[in-house]
Amino acid sequence: MSLDLNYGAMAAPWWPFVFILLAGWLPTDIWRWLGVLSSGRISESSPLIIGARAVATGLVAAVIARLVLFPGGSSLAAIPDWIRIAALGGGFCAYLWLGRQTLVAILVAEIILLGLPWMMGLI
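What you are looking at is a predicted structure, and each value in this text was computed from that prediction instead of being measured.

Asks: Would you explain the UniProt feature "transmembrane region" (unreviewed entry) in the chain in this entry?
Replies: The feature "transmembrane region" (unreviewed entry), as given by UniProt, occupies residues 7–28, 48–69, 81–98 and 104–122 in the numbering adopted here. Between the end C-alpha atoms of residues 81–98 there is a gap of 25 Å, over a span that is 94% helix and 0% strand. The span residues 104–122 carries 84% helix and 0% strand; its end-to-end C-alpha distance comes to 25 Å.

Encoded structure:
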């Protein structure tokens, strides 16, 4: 007696997209919707929300630090460390001094990140 398993659907070219949808988008989207539904019932000053905000901020800071200090394999790695750090600091200062406008801070950081290497003849 032999088992004849039909894997026809898994061999279809659309199967990876279904897998990404089910394994990637759906689990994260469920948590987003649960957050939206429960957000009206939770106080912003509750210890749980303050802790969650601290963890989220720490994760974002860690990702930014990793991109700046260890860019790995990208064209960003060709730019010297001190220029990447100066762009980060300049963007942060611009954010604080120019009215907490994210777009302005990004533009200042990009100008530093591209302008300094260009002026030094690195790019």
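Asks: Teacher, can you tell me more about the pattern of salt bridges here?
Replies: Counting across every chain of the model gives 2 salt bridges. Close ionic contact of Arg32 with Asp29 constitutes a salt bridge, the shortest N to O distance being 3.7 Å. Of this pair, Arg32 and Asp29 both sit in helix H1 (residues 15–38), 3 residues apart, roughly one helical turn.

Asks: What is the right way to look at the domain arrangement of the chain in this model?
Replies: How big an interface is tends to be expressed through the accessible area that disappears when the partners come together. Split into domains, the chain comes out as domain 1 (1–41), domain 2 (44–71) and domain 3 (73–122). With centres defined by C-alpha atoms, the gap from domain 2 to domain 3 works out at 21 Å. The three residues of domain 2 that bury the most area against domain 3 are Val68, Leu69 and Pro71, which together make up 84% of that side's buried surface. Along the contact surface separating domain 2 from domain 3 lie 0 salt bridges. Its residues assigned to classes, the side of domain 2 that touches domain 3 comprises 5 nonpolar, no polar and no charged.

Asks: Even after reading the chapter, I still don't get the side chain of Ser46, so can you show me in this structure?
Replies: If you trace the backbone, Ser46 turns up in the loop between H1 and helix H2 (47–69). For Ser46, a relative accessible area of 18% gives the class buried.

Asks: Would you mind showing me how to read the environment of Ile64 here?
Replies: By the secondary structure assignment, Ile64 is in helix H2. Once the C-alpha coordinates of Ile64 and Cys93 are considered, the two residues, 29 residues apart in sequence, prove to be 16 Å apart.

The rules behind each value
Residues numbered from 1 in each chain as written. Predicted model: local features only at pLDDT ≥ 70, side-chain atom pairs only at ≥ 80, totals over all residues. Heavy atoms only, no water. UniProt positions renumbered as here; feature names shortened; annotations may be inferred. Helix = DSSP H or I, 4+ residues; strand = E, 2+ residues; numbered from the N terminus. Salt bridge = Lys/Arg side-chain N within 4 Å of Asp/Glu carboxyl O. Domains from an automatic or database assignment. Buried area = accessible area lost by both parts, 1.4 Å probe. Nonpolar A, V, L, I, M, F, W, Y, C, P; charged D, E, K, R; others polar. Buried < 20%, exposed > 50% of the residue type's maximum accessible area, 1.4 Å probe, protein only.

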